[in-house]
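Understanding the architecture of this molecule
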Amino acid sequence: MPLLQWHDTYSVNNELIDGQHKVLFELFGKLYDICMSKENDVAYGSVVDELYAYASDHFRTEQIHMSEMHYPGFQQHLQQHDEFTRKIVELKSVSESDDELCLDLVVHVASWIYDHVIAEDKKFAEYGACER
Ligand SMILES: [Fe+2]
Ligand SMILES: [Fe+2]
């Protein structure tokens, strides 16, 4: 069973953003598998780099979307994206060879993004739906 399982109820009614959330969930699944299977640091480091680049693109997409709809919670949301970016930098600093720390941190950051998607991202989706 993947670390994060996508469900239709997580949708923010935007195909592009939903697709990006699915990829983010998959990337966390990859990281978790790497930590579990004790693969080498190179594999771990390259997936963390991929996650960093993908999350940055995703945040830009969401920020453009929120700004276009004049979402009032934009600044607060932006701060959360910055917090997540700091967490990925933290992931970079962990060596995959430290199995326990690696797993704990991956699960912690994955649960953070999960909470963000189902709570905070949902808020702009609901705002967008009311504004329509
Ligand atoms: Fe998001
Ligand atoms: Fe977000």
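As the structure is a prediction and not an experimental result, all values here were calculated from the model.

A short note on the overall build of the chain
- Of the regular secondary structure elements, the chain holds four helices and zero strands.
- In the chain, the succession of helices and strands from N to C terminus is α-α-α-α.
- The C-alpha radius of gyration of the chain comes to 15 Å, within 12% of the 14 Å expected for a compact globule of 132 residues.
- Along the longest, intermediate and shortest principal axes, the C-alpha atoms of the chain span 50 × 25 × 20 Å.
- Buried residues in the chain amount to 21% of all 132 residues.
- Within the chain, counting contacts between residues at least 6 apart in sequence, those at least 24 apart form 70% of the total.

Re the environment of valine 12
- Inspection of the secondary structure assignment puts valine 12 in the segment before helix H1 (15-37).
- With 58 residues separating them along the chain, valine 12 and histidine 70 place their C-alpha atoms 16 Å apart.
- When neighbours within four sequence positions are excluded, valine 12 is seen to be in contact with Ile17, Asp18, Asp121, Lys122 and Ala125.

Details of helix H2 (residues 41-68)
- The end-to-end C-alpha distance of H2 is 40 Å, a good match for the 40 Å that 28 residues give at a rise of 1.5 Å each.
- Within H2, burial applies to Tyr44, Val47, Val48, Leu51, Ala55, His58, Glu62 and Met66.
- Taken together, the buried residues of H2 touch H1, helix H3 (74-93) and helix H4 (99-131).
- Backbone geometry just downstream of H2 places histidine 70 in the positive-phi region, at approximately 55°.

A look at unusual backbone geometry
- Notably, asparagine 13 is not glycine yet its phi reads approximately 60°, a positive angle.
- Mapped onto the fold, asparagine 13 is located in the segment before H1.
- Among the residues examined, asparagine 13 registers 13 C-beta atoms within 10 Å and is labelled partly exposed.
- Not every positive phi belongs to a glycine, and histidine 70 is a case in point at roughly 55°.
- Note that histidine 70 resides in the loop between H2 and H3.
- For histidine 70, a count of 9 C-beta atoms within 10 Å translates into the label exposed.

Rules and cut-offs
Residues numbered from 1 in each chain as written. Chains lettered and ligands numbered in written order. Predicted model: local features only at pLDDT ≥ 70, side-chain atom pairs only at ≥ 80, totals over all residues. Helix = DSSP H or I, 4+ residues; strand = E, 2+ residues; numbered from the N terminus. Rg over C-alpha atoms; globule rule 2.2 N^0.38 Å. Buried ≥ 20, exposed ≤ 12 C-beta atoms within 10 Å, placed from the backbone. Contact = placed C-beta atoms within 7 Å. Expected span 1.5 Å × (residues − 1).

Any link to function would need more than the numbers given here.
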